[in-house]
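Results of the structural survey
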Amino acid sequence: MFTEAMQNLLPSNRIKVLLIDPHPIVLFGLSVILEEEDSLEIVDALHSVDRIKDVLKLKKPDIVLIDPHSPGFDGLNQVKQVQTALGGEVKIVVYTATVNQSETCDLIRMGVKGILLKEMPVSLIPQCLKKVHAGGEWLDRRSMRMAFEQILKRESAHKMISAHLSSREISLAALIAKGYSSKLAARELQITEGSVRVYLNRIYSKLHISSRLQLALLFKEKGLS
């Protein structure tokens, strides 16, 4: 009796998990699945990252399990928001229906410790969380292959672009490839619109192209946008 009472007074060593998913049915299903595991504890379930800072402060989760593909929201931006709020102290696992080659690469670069696809058996979710909590990573072979292919492609493209353009020209080219107007690009780089036009002409000449569209297509082809 005494031993049991003392054990009840000891702090729980269960892995604290915060769920973030835009779909209530998914949150409910995850909660049911994960709370069947004695080693896991759901500290909260959110539909968005709006209250993330308050929840992190109050609940102190060990792992955030998040689907970044909320309607009308940039998925990678959501993960960045969580990372900013976490300050690097909590591990992030992405749980989503789909993730493309570029996203996989970016998520790995951002320090996400696990990527789970919703098509996988639900039994893998607790396994993933336990492995990540223990200091490991969980990335299926397809995701890893896709990511490394994308990383190699980007590094090769960066070398090619860097061999032709200055750092300022690369910064401007990246903005224009993303669809920035000359005015917005000038504001972002803190230069004049006239300078933007001069730089663009140099970029076109060095890359043997003649338009913003060709620049955007080149960056997309090289995996840089």
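Everything that follows concerns the structure shown earlier in this document.
Let us look at the structure shown here. This is a predicted model, so every value here is computed, not measured.

1. Describing the nonpolar core
For soluble globular proteins, the rule of thumb is that nonpolar side chains tend to be buried together. Membership of the largest hydrophobic core comes to 42 residues, with the highest contact counts inside it found for Val-17, Leu-18, Ile-20, Leu-34, Leu-65 and Leu-129. When residues of this core are assigned to their parent elements, the largest contribution, 5 residues, is made by strand 1 (residues 15-20). For Ile-20, the residues in contact, after removing those within four places along its chain, are Leu-27, Leu-46, Ser-48, Val-49, Ile-52, Val-64, Leu-65, Ile-66, Asp-67 and Val-82. Counting 20 residues, the second-largest nonpolar core is a separate cluster that includes Ile-161, Leu-165, Tyr-204 and Leu-215.

2. Structural notes on helix 6 (residues 124-133)
Listing the buried residues of helix 6 in full gives Ile-125, Pro-126, Cys-128, Leu-129 and Val-132. Looking straight down helix 6, one finds that the buried residues subtend no more than 160° of arc, so they occupy a single side. Phi turns positive, to about 105°, at Gly-135, one or two residues after helix 6.

3. Comments concerning the pairing of strand 5 (residues 114-117)
The alternating pattern of strand 5 places Gly-114 and Leu-116 on one face and Ile-115 and Leu-117 on the opposite face, and all of these are buried. By the bridge criterion, 4 bridges tie strand 4 (residues 91-96) to strand 5 in an arrangement that is parallel. Opposite Val-94, over in strand 5, you have Ile-115 as the bridge partner. In terms of strand pairing, strand 5 meets strand 6 (residues 138-139) through 2 bridges, oriented parallel. Note on strand 6: the bridge partner recorded for Ile-115 is Leu-139. The parallel pair strand 5 and strand 6 is bridged by helix 6, and the resulting crossover is left-handed.

4. A word on helix 2 (residues 24-35)
Given a rise of 1.5 Å per residue, 12 residues ought to cover 16 Å, and the 16 Å separating the end C-alpha atoms of helix 2 matches this to within 8%. Taken together, the buried positions of helix 2 are Leu-27, Leu-30, Ser-31 and Leu-34. Each buried residue of helix 2 lies within a common arc of 100° when the element is viewed along its axis, so the set occupies one face. In helix 2, those exposed residues whose orientation departs by more than 90 degrees from the buried face are Ile-25 and Phe-28.

Cut-offs used in this document
Residues numbered from 1 in each chain as written. Predicted model: local features only at pLDDT ≥ 70, side-chain atom pairs only at ≥ 80, totals over all residues. Heavy atoms only, no water. Core = buried A, V, L, I, M, F, W, Y, C linked by side-chain atoms within 4.5 Å. Buried < 20%, exposed > 50% of the residue type's maximum accessible area, 1.4 Å probe, protein only. Helix = DSSP H or I, 4+ residues; strand = E, 2+ residues; numbered from the N terminus. Contact = heavy atoms within 4.5 Å. Arc of directions from axis to C-beta. Pairing = 2+ DSSP bridges. Right-handed = clockwise from strand over helix to strand, strands pointing away. Expected span 1.5 Å × (residues − 1).

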